[in-house]
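Breakdown of the fold
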Amino acid sequence: MIGCQIGKKCLRTPVPKNYQHILALAFAIQEVNRDPYLLPNITLGFRIYEENQYASMSPDVSLSLLSSRGKVFPNYKCDTLNLLSVLGGLNSRTSYQMATIFGNFKISQLGYRFSDPVLRDKTQFPTFYQIDPQYDLQNAAIVQLLLYFQWNWIGIVVQKSESSDHFIWIFDATLALNDICIQFVKQILPRISIFNELNSEQIDLLWTILSNDAQVVIVAGDSNTLQSLILSLYFYEEAKHTAFGKVWILTTQWEFSAIGYHYEWGKLKSLHGALSLTVHTKPVPGFKDYLWALNPHEPHGDVFLPEWWEVVFDCQVLKAGLASPDGRRVCTGEENLDTLPASVFDGKMTGFSYSIYNAAYSVAHALHAAYMVESQLALKRGRKKPHLHLSMKSWQMHVFLRKVLFNNTAGDEVSFSETGMKYAGFDILNWVVFANMTILREKVGWANPEAPSAEGFSINPDAIVWANQLMPVLPDAAQCTPCPEDQQPNKNHVLCIPKTMNFLSYEDTLGSILVSLALFFSLTTILMLAAFIKHCNTPIVKANNRNITYILLVSLLLCFLCSFLFIGQPRNLTCLLRQIAFGIIFSTAISSVLAKTLTVVLAFMATKPGNRARKLLGKQMILVLACPLVQTALCASWLAISPPFTNLDFHSVKGEIVLECNEGSTAMFYAVLSYMGFLSLISFIVAFLARKLPDSFNEAKFITFSMLVFCSVWVSFLPSYLSTKGKSMVAVEIFSILASAAGLLSCIFLPKCYVIVLRPDLNNRSHLMGKIK
């Protein structure tokens, strides 16, 4: 069974064009079931769920597909239906909501992603397969179109969403590489006007378009966004009795389904002369015959057909011999689909419908591959026929879907890459709105960004009907120049303004928090050191090697204080000192912990008669001095080979200049970290092996836990450090320094301070030695 969530139902009437997606799916399944070679002895079924205007209902619809018998009980099998794959939704937001549910059940989902970067993450959504074109390819096709007409002064209208900033950033970078400038970018929410008046956001949109002289405007978003734009333009043109005269370039998301049938199609006259990209399609044999055979009186289970028929033909579907109670014309079923304008119904598959048709066939071919594998296994087991319909599970579909490769009935090759379904480019359409409000979308060219440059673009400019009869020539096109590296264009893209400096300052909220933490831990360390010095002759202090304890506490204090070298504007001296100081001080701290662990081990071994470990007691100070010397040699080599220096990064963070410390030799930086990691690992292993010594020597248990905390912090540090930029990267390192040092301080010294300050009655030799017996 294939579950499908296709189309949106707006208010009480279906959207005519989205119904064609349903017909494309039904036609594909019908063809598959009639093919004696593709899936012999297997019949595919499908269940369609419609989504209304509220995307929040997508989880309910998704759960319904996972359940049966009309009840939402996912994971409970109440009948023999087997959900193998899901098609939908038709926008990235709905696809995301569905993917979060179906991914948990390992059910393959073939849906639309457009510009949502999250759905592209295969580690998070391994079961999602994108069936709309990659937006970077669409961006490249738009650039080809702009370069052909030498349009390099444009505006962009985009739907405001979670992914719109990412889309603009990627698109802006693509345009900049080709010396195309953006005069304005306007993000809008898809709020629809009612009562024939504009809302404040639509008024602001009109003002933005009117106050800028860019003659070409690119529109990107879902169908509701286009509907909001069209109504805004229509209301303005009706009030001012003038047309905008802009060239609108519409992305592949736009189809006539953008306007519900309950709106007047005359409002589309604002898009006269527009150019749009659509998925390249070919005529599908037999599809038109399938459409001609539709009859609202014999829907064959299609609950949408009668209602849709009533809307597009303005009649009422009634049983034979009945008259309409409200006087409407009764549908005969003989109405001709060819008489419907293309704006209401198109007799050929559009881009979306073609994608759905190919997606349905992809599932069928994946099942065919699974059937062939099952057939071979059945023969080996001595059975004549495989039981695919009983044994096939939804999670097994992925192996076969990823390897799908076939030619569809129209002759196009269909396959999937790592990023989704492959496409053979885009068709360029010209929108012509006639005086009688009929609409024609005429193919005037095509673009394939993945083809060689000489073969990847073709257009017939003489076939294009422009809004103002003539092709627009953009003002000041020759003066479009990129801003210097230290500047960025202003909101209207007419001036270059300075970029802001990016570094972790004391005035930043994050900087203030880190400073407060560093001061708090420094003060805590000083108080602990004072307590140990004041009670230096007590048994608990003597038992833990006073000199090494003092060195460790001073090292931890310096660790907390060295974090101040990372805060504030980077300068040459601080860049030289901060990583060097950090490396040497932390090596001293870790070597002190290692020495304390060895002290515990040797002290226990010395209690055994005849053991020579007593001779080694007191020699641990050599280890405390030798280990940091090795780190010092590494740091000296670092300074000699390629020392750190201040650097300005103009590109990592958009609109900002990152003032940073370049580490110079990256290899030496990681060598310093690796040496600390080596010392930490040795300390952890020794403490772990000594953790079961008698209670009077249980400091090994505290050291084991402290080193576990220390290692956990620095293991998580590397991926976090490499995935951040600017001041966030510095903050990650400071937090790791504070967290790891605080872990050592609290795990090793808090239990001892508790005894020294709050339980002095336990700080005696008899209590310590009594636990050995």
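The name given to the protein chain in an unreviewed UniProt entry is Vomeronasal type-2 receptor 26-like, and the organism recorded there is Pantherophis guttatus. Its UniProt record gives the protein chain the following Subcellular location (unreviewed entry) comment, quoted word for word: "Cell membrane".

**Comments concerning the pairing of strand β13 (residues 413–417)**
Bridge analysis of strand β12 (residues 405–407) against β13 gives three bridges, and the strand direction is antiparallel. Bridged to F406 within β13 is V414. Linking two consecutive strands that pair antiparallel, namely β12 and β13, is a turn of five residues; a positive phi of about 95 degrees is found at G411 within it. Note that β13 and strand β14 (residues 420–421) share two bridges and pair antiparallel. Of the residues in β14, the one forming a bridge with F416 is M421.

**Some words on the packing of aromatic side chains**
What describes a pair of aromatic rings is the distance from one ring centre to the other and the angle between the planes of the rings. Summed over the entire model, instances satisfying the criterion amount to 31 aromatic pairs. A ring pair is formed by W309 and F313, whose centres lie 4.8 Å apart and whose planes are at 40 degrees; its orientation type is tilted. Here W309 and its partner F313 are both found in helix α9 (residues 304–313), four residues apart, which amounts to about one turn of the helix. A single burial state applies to W309 and to F313, both of which are buried. Three or more aromatic residues link up through ring pairs in this structure, and these residues are F582, F586, W638, F669, Y670, F710, W714, F717 and Y721.

**Thoughts on the packing of helix α13 (residues 509–534) against helix α15 (residues 546–562)**
As a packed pair, α13 and α15 sit with axes 9 Å apart at the nearest point and diverge in direction by 165 degrees. By the angle class used here, α13 and α15 are roughly antiparallel. Note that α13 runs across α15; the crossing there is left-handed. Here A518, F521, S522, T525, I526, M528, L529, F532 and I533 of α13 lie close against α15, whose contacting residues are T549, Y550, L553, V554, L556, L557, F560 and L561. A breakdown of the residues in the contact of α13 with α15 according to their chemical character gives 14 nonpolar, three polar and no charged.

**Considering the environment of R402**
With respect to the helices and strands, R402 occurs in the loop between α12 (397–401) and β12. The exposure class of R402 is partly exposed, given its relative accessible area of 45%. Taking C-alpha positions, R402 is 9.8 Å from M421, a pair spaced 19 residues apart along the chain. Aside from chain neighbours lying at most four places away, what touches R402 is P126, Y129 and F416.

**Side note on the pattern of salt bridges**
Considering all chains together, one arrives at six salt bridges under this definition. Ionic pairing is found between D314 and R328, a salt bridge with its closest N-O pair at 4.0 Å. Note that D314 is positioned in the loop between α9 and α10 (351–380) and R328 in the loop between α9 and α10, a separation of 14 residues in sequence. Its relative accessible area of 56% is what places D314 among the exposed residues. Of the charged contacts in the structure, one is a salt bridge between R329 and E335, with a shortest N-O distance of 3.2 Å. The partly exposed category is assigned to R329, whose relative accessible area is 42%. Overall, the relative accessible area of 13% leaves E335 in the buried class.

**Topic: the sheet that holds strand β21 (residues 645–649)**
Taken in spatial order, the three strands line up as β20-β22-β21 in an open sheet, and their pairing is mixed. Pairing within the sheet leaves two strands with one partner each, and these edge strands are β20 (500–502) and β21. The sheet shows a mean angle of 25 degrees between the axes of neighbouring strands, taken without regard to direction. Sheet analysis places β20 next to strand β22 (residues 656–662), joined by three bridges and oriented parallel. Across the sheet, residue N502 finds its bridge partner in β22, namely V658.

**Structural notes on the nonpolar core**
Core analysis: the largest hydrophobic core is formed by 66 residues, its most contacted members being L110, W308, W309 and L337. The set of elements that each furnish at least two residues to this core consists of α1 (16–34), α8 (287–292), α9, α10, α12 and β13. Top element by residues in this core is α10. It accounts for 13 residues. Not counting residues within four places of it along the chain, the set of residues in contact with L110 comprises S85, V86, L87, G88, Y129, I131, A359, V363, L401 and F416. Core analysis: the next-biggest nonpolar cluster, separate from the first, contains 59 residues, I540, L553, F669 and L744 among them.

**Re the sheet that holds strand β8 (residues 181–188)**
Taken in spatial order, the eight strands make up an open sheet running β8-β7-β9-β10-β11-β15-β16-β17, and their pairing is mixed. This sheet does not close on itself; its edge strands, each paired only once, are β8 and β17 (457–459). In this sheet, adjacent strand axes meet at a mean angle of 25 degrees when their direction is disregarded. Where strand β16 (residues 439–447) and β17 come together, three bridges link them in antiparallel fashion. Residue pairing across strands places W446 opposite S458, the latter belonging to β17. In this fold helix α6 (residues 200–210) packs onto β7 (153–159), β8 and β10 (247–250), with an angle of close to 170 degrees to the strand it touches most, β8.

Reading guide: rules and limits
Residues numbered from 1 in each chain as written. Predicted model: local features only at pLDDT ≥ 70, side-chain atom pairs only at ≥ 80, totals over all residues. Heavy atoms only, no water. UniProt positions renumbered as here; feature names shortened; annotations may be inferred. Pairing = 2+ DSSP bridges. Helix = DSSP H or I, 4+ residues; strand = E, 2+ residues; numbered from the N terminus. Phe/Tyr/Trp six-rings, centres within 6.5 Å; stacked < 30°, edge-to-face > 60°. Buried < 20%, exposed > 50% of the residue type's maximum accessible area, 1.4 Å probe, protein only. Axes fitted to C-alpha atoms, helices over the stretch in contact; angles between N-to-C directions. Parallel < 35°, antiparallel > 145°, perpendicular 65-115°, else oblique. Left-handed = near helix turned anticlockwise from the far one by under 90°. Contact = heavy atoms within 4.5 Å. Nonpolar A, V, L, I, M, F, W, Y, C, P; charged D, E, K, R; others polar. Salt bridge = Lys/Arg side-chain N within 4 Å of Asp/Glu carboxyl O. Core = buried A, V, L, I, M, F, W, Y, C linked by side-chain atoms within 4.5 Å.

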